[in-house]
Amino acid sequence: MNRATIDVWVGVFVAAGFAGLLFLALKVGNLASFSTSQTYQVQAKFANIGGLKIRAPVKSAGVVVGRVSEVRFDNESYEAIVTFNLDTRFQFPRDTAAKILTSGLLGEQYVGLEAGGDGVMLKQGDRLRLTQSAVVLENLISQFLFSKAAEDKDAKDKK
Amino acid sequence: MAEGGRTGGVAPLLERLGGAVTARIWRLGFASRFFGYMLLHSGTALRRFQLTIREIYFAGVQSLIIILVSGLFVGMVLGLQGYDTLQRYGSSEALGILVALSLVRELGPVVAGLLFASRAGSAITAEIGLMKATEQIAAMEMMAVDPIARVVAPRFWAGVISMPLLAAMFSAMGIFGGYLVGVKLIGVDEGAFWSQMQASVDVREDILNGVIKSIVFGVAVTWIAVFEGYDAQPTAEGVSSATTRTVVTSSLAILALDFVLTALMFTGGNAR
């Protein structure tokens, strides 16, 4: 086979390879979404983070506005300190509340933000004061069982 | 120790074991030295890039069909199997995530690497081994042409360049296969298939790490292939056993390296 034919085929091969990579990056990985935009860091303390992981989404009204960048244990208050990067396009009031929520019944955990009414916006390095921990299924079940037992006891006492 | 002479059954066995271990270590040392020499003498392969392009044609372009067809079928099987399991938990929309993540992280680099080792790696070994058996390598040395720079290095670089491209095509083809089966055949919602995939596949964490994996596999496979070829006994039998060794060793190397790389890349997020 002569040189020109080989060149053409190798060119096609390399182009197809890069097309594959581009397909993976754009269509599968959604490169355009987040990684390049500018962010600011906000912290929040939670009594229990459940199964929250690094890179979990931070959503407000269901829209992804940032990602969790760090989860740390605070040895003074015995609480978890979660740091997340929020996109600078999205500004939130200072009294915004953070909750740890679960997408679906068995889905991933994420941080949900609910905007407050303060006129001052969050800045880099601010800490959210209003937080709500993850719901731990075991606690929920034991609460339910206790209240059920209490109800039964009340019913018996009335008889 | 004095008993060694009397219990004649054990000593030769130990001797043979020791000999085998020493031979392996000697070969590993030789292979490493060969690798270094090859990298140092890659100048010709990169300067006269036409040599490398020719080898990319033989290693990469000719592996294209097997890679694309296997990728398509692997993706289609993933679509079928994944749907079967996911619909039991009522989350068949997550099919896109399953297909994309398993292909991009694992199956793409690994299966493409295994196919590349048996399709292109064996061919490289056989070619270099035959060149040695027919004394073409010795002839080059006589003409003061460095066979490592002229024959080995272009093949090595061709393999290193081809492998990531082949793995990317394998993954892309596999995702297309999963899409065909999942969306077109079974009827998973098309929007959910793509959007869930895009939401959970990360360009840096998943795709870039997959590409790094395939580059590492490319280096390992072609290194083993050119070394086995260059080190082959210059007989018909020697070349055939070198070809077998290439496929066996590089398959094992791919699987072992895959474990190490996966442990390094994908468990860090949770542990930290």
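Sequence order as written defines the numbering, with residues in each chain counted from 1. Whichever chain is written first becomes A and whichever ligand is written first becomes 1, with later ones labelled in order. Only residues with pLDDT of at least 70 are given local features in this predicted model, and only at 80 or more are side-chain atom pairs given and counted; all residues enter the totals for whole chains, interfaces and linings. Side-chain numbers come from the whole structure's heavy atoms, not from hydrogens or water.

All names here are of chain A. A surface patch of nonpolar side chains, about 610 Å² in accessible area, is lined by V135, L137, L140, I141, F144 and L145. Secondary structure counts use DSSP, requiring at least four H or I residues in a row for a helix and at least two E residues in a row for a strand, with both numbered from the N terminus. With respect to the secondary-structure elements, L140 resides in helix α2 (residues 137–158). Residue class for L140 comes out partly exposed when judged on its relative accessible area of 44%. Residues qualify for a patch when their relative accessible area is over 30% and they have no salt bridge, like charges being joined within 9 Å and the nonpolar side chains of Val, Leu, Ile, Met, Phe, Trp and Tyr within 5 Å. Reported accessibility uses the Shrake-Rupley method at a 1.4 Å probe radius. Residues are deemed covered only where the shown protein chains occlude them. Any carboxyl oxygen of Asp or Glu within 4 Å of a side-chain nitrogen of Lys or Arg constitutes a salt bridge here. Residue exposure (1.4 Å probe, protein chains only): buried if accessible area is under 20% of the type maximum, exposed if over 50%, otherwise partly exposed.

Before going further, it helps to spend a moment on the interface of chain A and chain B. Contacts were defined at the residue level, with two residues in contact if any of their heavy atoms lie within 4.5 Å. Counting residues at the interface gives 26 residues for chain A, matched by 32 residues for chain B. Here chain A and chain B share an interface that buries about 2500 Å² over both sides, 76% of which is from carbon and sulfur atoms. Defined here as a combined quantity, buried area equals the accessible surface (1.4 Å probe) lost by two parts on assembly, summed across both. The largest per-residue losses of area from chain A upon contact with chain B belong to F13, L24 and V28 of chain A, which jointly make up 26% of the total buried on that side. Our enumeration of links across chain A and chain B arrives at zero salt bridges. Ranked by residue count, the leading element in the side of chain A that touches chain B is helix α1 (residues 3–28) of chain A, at 18 residues. Along the lines of polarity and charge, the residues of the side of chain A that touches chain B split into 16 nonpolar, four polar and six charged. All residues other than Ala, Val, Leu, Ile, Met, Phe, Trp, Tyr, Cys, Pro, Asp, Glu, Lys and Arg, Gly among them, are scored as polar; the first ten of these are nonpolar and the last four charged.

Residue and element names in this part refer to chain A. Burial runs high along strand β4 (residues 79–87): seven of the nine residues are buried. One bridge is not enough; two strands pair if DSSP finds at least two bridges between them. The pairing of strand β3 (residues 63–74) with β4 spans eight bridges and is classified as antiparallel. In the sheet register, E70 faces β4, and the bridge partner there is T83. Counting the residues in the hairpin turn of β3 and β4 gives four residues, including Y78, whose phi is positive at 55°.

Here we take up helix α5 (residues 95–133) of chain B. Bend is computed residue by residue as the angle between axes fitted to the seven residues ending at the residue and the seven residues starting at it. Along its length, α5 of chain B shows its largest kink, about 55°, at L103 of chain B. Within two residues after α5 of chain B, E135 of chain B carries a phi angle of roughly 60°, on the positive side.

The rule is short: rings of Phe, Tyr and Trp, with Trp giving its six-membered ring, pair when the centres are within 6.5 Å, and they are stacked under 30 degrees, edge-to-face over 60, tilted in between. For the coordinates displayed, the defined rule picks out 14 aromatic pairs over all chains. Between Y57 of chain B and F58 of chain B the ring centres are 5.4 Å apart and the planes differ by 80°, which places this aromatic pair in the edge-to-face class. A residue is classified by how much of its surface remains accessible, and F58 of chain B, at 31% relative accessible area, is partly exposed. Aromatic pair F193 of chain B and W194 of chain B: ring centres 5.4 Å apart, planes at 90°, arrangement edge-to-face. In this structure an aromatic cluster arises from ring pairing among F23 of chain A together with F176, Y179, F193 and W194 of chain B. For K27 of chain A, the ring lying beneath its charged end belongs to W194 of chain B, and the centroid distance is 4.7 Å. In this scheme, Lys NZ or Arg CZ marks a charge over a ring once it lies within 6 Å of the ring centre and within 35 degrees of the ring normal.

Before going further, it helps to spend a moment on the packing of α1 of chain A against helix α3 (residues 49–59) of chain B. At a minimum axis distance of 9 Å, the contact between α1 of chain A and α3 of chain B shows a crossing angle of 70°. In terms of orientation, α1 of chain A and α3 of chain B fall into the roughly perpendicular class. In terms of crossing hand, the pair formed by α1 of chain A and α3 of chain B is left-handed. Of the residues in α3 of chain B, those touching α1 of chain A at R3, I6, D7, W9, V10 and F13 of chain A are Q50, I53, R54, I56 and Y57 of chain B. Of the residues belonging to the contact of α1 of chain A with α3 of chain B, the class tally is seven nonpolar, one polar and three charged. Every angle, taken between N-to-C directions, lies between 0 and 180 degrees, and every axis is a line fitted to C-alpha atoms, over only the stretch in contact when it is a helix. Each angle receives one of four descriptions, namely roughly parallel if under 35 degrees, roughly antiparallel if over 145, roughly perpendicular if within 65 to 115, and oblique otherwise. When the near helix sits turned anticlockwise from the far one by under a right angle, the crossing is termed left-handed; a clockwise turn instead gives a right-handed crossing.

Let's shift gears to the confidence of the model for chain B. Residues at a pLDDT of 70 or more form 95% of chain B, whose mean pLDDT is 89. Each residue gets a pLDDT score, which is the predictor's confidence in that residue and runs from 0 to 100. When the elements of chain B are averaged for pLDDT, helix α11 (residues 268–271) of chain B gives the smallest value, 48, and helix α4 (residues 64–86) of chain B the largest, 94.

This part covers the environment of G125 of chain A. Tracing the backbone shows G125 of chain A in the loop between β6 (109–114) and β7 (126–128). Relative accessible area serves as the criterion here: at 52%, G125 of chain A is assigned to the exposed category.

A cluster of like negative charges, contributed by E151, D152, D154 and D157 of chain A, occupies part of the molecular surface. As for its position among the elements, D154 of chain A is in helix α2. Asp and Glu are treated as the negative residues and Lys and Arg as the positive ones, with His and the ends of the chain left uncounted. By convention, the point assigned to a charge is CZ for Arg, NZ for Lys, CD for Glu and CG for Asp.

With a phi angle near 55°, Y78 of chain A is a residue other than glycine that sits in the positive phi range. Topologically, Y78 of chain A is positioned in the loop between β3 and β4. Phi is positive for E135 of chain B, close to 60°, though the residue is something other than glycine. Mapped onto the elements of the fold, E135 of chain B is located in the loop between α5 and α6 (136–142). On the basis of relative accessibility, which here comes to 56%, the residue E135 of chain B falls in the exposed class.

Before going further, it helps to examine the sheet that holds strand β2 (residues 57–60) of chain A. All names here are of chain A. Spatial strand order, β7-β1-β4-β3-β2-β6-β5-β8: eight strands in an open sheet with mixed pairing. Each edge of the sheet is formed by a strand with only one pairing partner; in this case those strands are β7 and β8 (130–132). With strand direction ignored, the average angle separating the axes of adjacent strands in the sheet is 30°.

With that out of the way, let us pick up the environment of L95 of chain B. All names here are of chain B. Tracing the sequence through the fold places L95 in helix α5. Separated by 88 residues in sequence, L95 and V183 have C-alpha atoms that sit 9.5 Å apart. Setting aside its immediate chain neighbours within four residues, L95 contacts L78, G79, G82, Y83, L86, G182, V188 and F193.

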